[in-house]
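Residue strings, one per chain:
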Amino acid sequence: TISAVCKMHGISLLFLTQPHFELKPKYVTLQSFQNYNAAILEQSEKLHTYSFDMEKYFGKDRKYFYDMVHYTPEGISRFAVLLEPVVRNIKKSKD
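Rules used in this analysis
- Residues numbered from 1 in each chain as written.
- Predicted model: local features only at pLDDT ≥ 70, side-chain atom pairs only at ≥ 80, totals over all residues.
- Heavy atoms only, no water.
- Helix = DSSP H or I, 4+ residues; strand = E, 2+ residues; numbered from the N terminus.
- Expected span 1.5 Å × (residues − 1).
- Buried < 20%, exposed > 50% of the residue type's maximum accessible area, 1.4 Å probe, protein only.
- Arc of directions from axis to C-beta.
- Contact = heavy atoms within 4.5 Å.
- Salt bridge = Lys/Arg side-chain N within 4 Å of Asp/Glu carboxyl O.
- Phe/Tyr/Trp six-rings, centres within 6.5 Å; stacked < 30°, edge-to-face > 60°.
- Core = buried A, V, L, I, M, F, W, Y, C linked by side-chain atoms within 4.5 Å.

Peer 1: Help me out: how do you make sense of helix α2 (residues 30–47) in this one?
Peer 2: Think of an α-helix as turning once every 3.6 residues; residues three or four places apart then point the same way. Here α2 contains 18 residues, and its C-alpha end-to-end distance of 26 Å stays within 8% of the 26 Å for a straight helix at 1.5 Å per residue. Listed as buried for α2 are Phe33, Asn37, Ile40 and Ser44. Buried positions in α2, seen along its axis, are confined to an arc of 55° and lie on one side of it. Seen from the open side of α2, the exposed residues pointing more than 90 degrees away from its buried face are Glu42, Glu45 and Lys46. Contacts made by the buried residues of α2 are with β1 (14–16), β2 (50–52) and α3 (54–58).

Peer 1: Help me understand the pattern of salt bridges, please; the structure alone is not making it clear to me.
Peer 2: Side-chain pairing between opposite charges can occur once the charged atoms of the two side chains come close. What the rule picks out here adds up to two salt bridges. Across the salt bridge formed by Lys60 and Glu55, the nearest N and O atoms sit 2.5 Å from each other.

Peer 1: What's the story with the packing of aromatic side chains in this structure? I'm lost.
Peer 2: Any aromatic ring pair is given by two values, namely how distant the centres are and how the planes are angled relative to each other. Taken as a whole and assessed by the stated rule, the structure comprises eight aromatic pairs. Centre to centre, the rings of Phe58 and Tyr64 are 5.4 Å apart; their planes meet at 65°, and the pair counts as edge-to-face. Taken individually, Phe58 and Tyr64 each receive the classification buried, so the pair is uniform in this respect. Arranged with centres 5.2 Å apart and planes meeting at 40°, the rings of Phe58 and Tyr71 form a pair that is tilted.

Peer 1: Even after reading the chapter, I still don't get the nonpolar core, so can you show me in this structure?
Peer 2: The tendency in soluble globular proteins is for nonpolar side chains to be buried as a group. Counting twelve residues, the largest nonpolar core is built from Phe21, Phe52, Met54, Phe58, Tyr64, Phe65, Tyr71, Phe79, Leu82, Leu83, Val86 and Ile90. Taken together, the elements giving at least two residues each to this core come down to α3 and α4 (73–94). Per-element accounting of this core gives the leading share, five residues, to α4. If we ignore the near neighbours within four places in the chain, the residues touching Phe58 are Pro19, Tyr64, Phe65, Tyr71, Gly75, Arg78, Phe79 and Leu82.

Structure, rendered in structure tokens:
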């Protein structure tokens, strides 16, 4: 598994939930996003890895999304701003 490979090489594994913009989906239901994000957090807990609920903090502003899941330049910047302190804290915990 990816978790085992990371442990074997001393790599910290970080699970992120998927932010999404709530358009009327053609192929994916909003419930499936909720199920996916819940499974991500559950798996992270089960494997004792790091996780961050990006979906919770990212926001639903249309300016961040081209469509349901693909980010605009503003969305990419927001993602980076939210993720940077998480990664920094993981790195500090390893030092």
